[in-house]
Amino acid sequence: IGLEGKLDAVASERLLLLEQLARHGESVFEDVGVFARWLRRPLRVLSGHAPLDLMDTSTGLTLVDTILGRIE
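So, here is what we can say about the structure in this document. (Residues numbered from 1 in each chain as written. Predicted model: local features only at pLDDT ≥ 70, side-chain atom pairs only at ≥ 80, totals over all residues. Heavy atoms only, no water.)

**Topic: the packing of helix H2 (residues 32–40) against helix H3 (residues 58–71)**
Between two packed helices, what matters for the description is the angle formed by their axes and the separation of those axes. Relative orientation of the contacting elements H2 and H3 amounts to 125°, with a least axis distance of 13 Å. On the basis of their axis angle, the class for H2 and H3 is oblique. For the crossing formed where H2 meets H3, the hand is right-handed. Only Val64, Ile67, Leu68 and Ile71 of H3 make contact with H2, whose side of the interface consists of Phe35, Trp38 and Leu39. Residue classes in the contact of H2 with H3 are distributed as seven nonpolar, no polar and no charged. (Axes fitted to C-alpha atoms, helices over the stretch in contact; angles between N-to-C directions. Helix = DSSP H or I, 4+ residues; strand = E, 2+ residues; numbered from the N terminus. Parallel < 35°, antiparallel > 145°, perpendicular 65-115°, else oblique. Left-handed = near helix turned anticlockwise from the far one by under 90°. Contact = heavy atoms within 4.5 Å. Nonpolar A, V, L, I, M, F, W, Y, C, P; charged D, E, K, R; others polar.)

Here it is as structure tokens:
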């Protein structure tokens, strides 16, 4: 965040990716609570990591979105 409280380009992009992922997850699971639980569940496809563990990078967000697409 910049001096004036504005997000820089990287933070803005990450926020948009998070928003898109949230909408996709809610659409796939049709329930916010179920999606939230899925985000915290360790998955074999992620070598035992939870999707939430990977969401601190754009690559991780993309990977989680790809998994949602497979579920869909």
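**Re the packing of aromatic side chains**
We describe a pair of aromatic rings using the distance from one ring centre to the other and the angle between the two ring planes. Applying the stated criterion across every chain, the model contains three aromatic pairs. Their ring planes at 20° and their centres at 6.2 Å tell us that Phe35 and Trp38 sit as a pair that is stacked. Of this pair, Phe35 and Trp38 both sit in helix H2, three residues apart, which is roughly one turn of that helix. By the burial criterion, Phe35 is buried, and Trp38 matches it. Ring pairing ties together the aromatic residues Phe29, Phe35 and Trp38, which thus form one cluster. (Phe/Tyr/Trp six-rings, centres within 6.5 Å; stacked < 30°, edge-to-face > 60°. Buried < 20%, exposed > 50% of the residue type's maximum accessible area, 1.4 Å probe, protein only.)

**Overview of the nonpolar core**
If you look at the biggest cluster of nonpolar residues, it comprises 12 residues: Leu21, Val28, Phe35, Trp38, Leu39, Leu43, Leu46, Met55, Leu61, Val64, Ile67 and Leu68. Elements with a minimum of two residues in this core: helix H1 (9–29), H2 and H3. Here this core gets four residues from one element, more than from any other, and that element is H3. When neighbours within four sequence positions are excluded, Phe35 is seen to be in contact with Leu21, Ala22, Gly25, Glu26, Phe29 and Leu68. (Core = buried A, V, L, I, M, F, W, Y, C linked by side-chain atoms within 4.5 Å.)

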